[in-house]
Amino acid sequence: MTEAVMDFSSDTVLATAARQIEEAHADKAKRPSIAGFFDEATNTVSYVVHDPATNVAAIIDSVLDYDAAAGRTSHGSANLIVEYVHKNDLKVEWLIETHAHADHISAAPYLQGELGGKLAIGRDIIRVQDVFGKLFNAGTDFQRDGSQFDRLFDDGETFKLGTIDAIALHVPGHTPADMAFVIGDAAFVGDTIFMPDFGTARADFPGGDARELFRSIRRLLALPEDTRLFLCHDYKAPGRDEYAWETTVGLQRTGNVHVRDGVSEDEFVAMRTARDKTLAMPKLIMPSVQVNIRGGRLPDPEDNGVSYIKIPVNAV
């Protein structure tokens, strides 16, 4: 399909998500409270999302600080989340990853140890594990079945955050495993789309696909126009002085510089493909993907008790 207007009338999962959002708009008790934590070193936004009625919370796309030159990890960014959770007496039930990030290492295992909760990601992480397991020559000890995570979400799976309804939407393109998580009236869309003045995510990683990305974005933009969208990154588009990470479906449809209404699939694919050829690999892609396909855990220590990050030479 090459038209910008796509027909999602038979998408029952999307219809369920839309009803959930509309019900949350009509009833404030069905809307979550959301706190964003911006890590400028990686331009990543992590979120603590909770149900005000029960204080049940989810942490989405957390960041482990990593000094690549020294090969050292630390927990400054994650500890801001720990402090927030304790200060607000929240009960963490979910640690959600929208995908296996290529630009930062997940702090989910650390936060799980500090706060509890189930670690979750989309089921197609298995495909990503297979591709990158081969790239990093991870060997047979590395399980490529998603078992590093407590829950693998399929498209359309529903769950609860306290009393608030939530649903997972598969939105591949940036990677095969990307998921958007709609909690009440708020959609956490990972790297699928950025602020309207910055555009969209790249689609040239292994398993990425610009055509799939377009269709995933248009699926998200078929949600009600006042759906709140929370993004995983911001890079401050030219002319904008402040970081931003919250927008709406309506603002994206009218103003996204890459994929607003009226842009066809073929136009988008041509733009995205040409643009991706100009982009350098993310600085932390090698450590990030290698760790994140393990659920945020470092590779097993070798016989000297030290974990090592592999860097494949001339392989990407």
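Whatever comes next refers back to the structure up there.
Since we're looking at a predicted model, the values are computed, not measured.

### Examining the pattern of salt bridges
Within the structure shown, the criterion is met by 18 salt bridges. Arg151 serves as the salt-bridge partner of Glu157, at 2.9 Å between the closest nitrogen and oxygen. We classify Glu157 as partly exposed; its relative accessible area is 22%. You can call Arg151 partly exposed: its relative accessible area is 24%. Among the salt bridges present, the one from Asp261 reaches Arg218, with a minimum N-O distance of 2.7 Å. A residue pair is termed long-range when its members are at least 10 positions apart, and Asp261 in the loop between helix H6 (249-255) and helix H7 (265-276) and Arg218 in helix H5 (residues 210-220) qualify at 43 residues. Residue Asp261 is classed as partly exposed on the basis of its relative accessible area of 36%. Judged by relative accessible area, which is 6%, Arg218 ranks as buried.

### Remarks on the packing of aromatic side chains
Geometry of an aromatic ring pair is reported as the spacing of the ring centres plus the angle between the planes. A complete count under the given rule lists 16 aromatic pairs for this structure. Ring centres of Phe188 and Phe230 lie 5.2 Å apart, and the angle between their planes is 20°; this geometry places the pair in the stacked category. Taken together, the positions of Phe188 in strand E12 (residues 186-188) and Phe230 in strand E13 (residues 228-230) put the pair 42 residues apart, joining distant regions of the chain. The pair formed by Phe188 and Phe230 is uniform in burial state, with each residue classed as buried. Ring pairs connect the aromatic residues Trp94, Phe153, Phe159 and Phe181, which therefore count as one cluster. When the ring centre of Tyr243 is taken as reference, the NZ or CZ atom of Lys236 above it lies at 4.6 Å. Here Arg294 stacks its cationic end above the ring of Phe142, 4.9 Å away from the centre of that ring.

### A look at the sheet that holds strand E10 (residues 164-170)
Pairing is mixed in the open sheet, where six strands are placed in the order E9-E10-E11-E12-E13-E14. Taken across any chain shown, the strands that pair with only one partner, and hence form the sheet edges, are strand E9 (158-161) and strand E14 (246-248). Going from strand to strand, the sheet's axes swing by 30° on average, the running direction of each strand aside. One ladder, built from three bridges, connects E13 with E14; its direction is antiparallel. Looking at E14, one finds that Leu229 is bridged to Thr247. The sheet contacts of helix H1 (residues 12-26) involve E10 and strand E11 (179-183), and relative to E10 the element is tilted by about 150°.

So, how was this worked out
Residues numbered from 1 in each chain as written. Predicted model: local features only at pLDDT ≥ 70, side-chain atom pairs only at ≥ 80, totals over all residues. Heavy atoms only, no water. Salt bridge = Lys/Arg side-chain N within 4 Å of Asp/Glu carboxyl O. Buried < 20%, exposed > 50% of the residue type's maximum accessible area, 1.4 Å probe, protein only. Helix = DSSP H or I, 4+ residues; strand = E, 2+ residues; numbered from the N terminus. Phe/Tyr/Trp six-rings, centres within 6.5 Å; stacked < 30°, edge-to-face > 60°. Lys NZ or Arg CZ within 6 Å of the ring centre and 35° of its normal. Pairing = 2+ DSSP bridges. Axes fitted to C-alpha atoms, helices over the stretch in contact; angles between N-to-C directions. Contact = heavy atoms within 4.5 Å.

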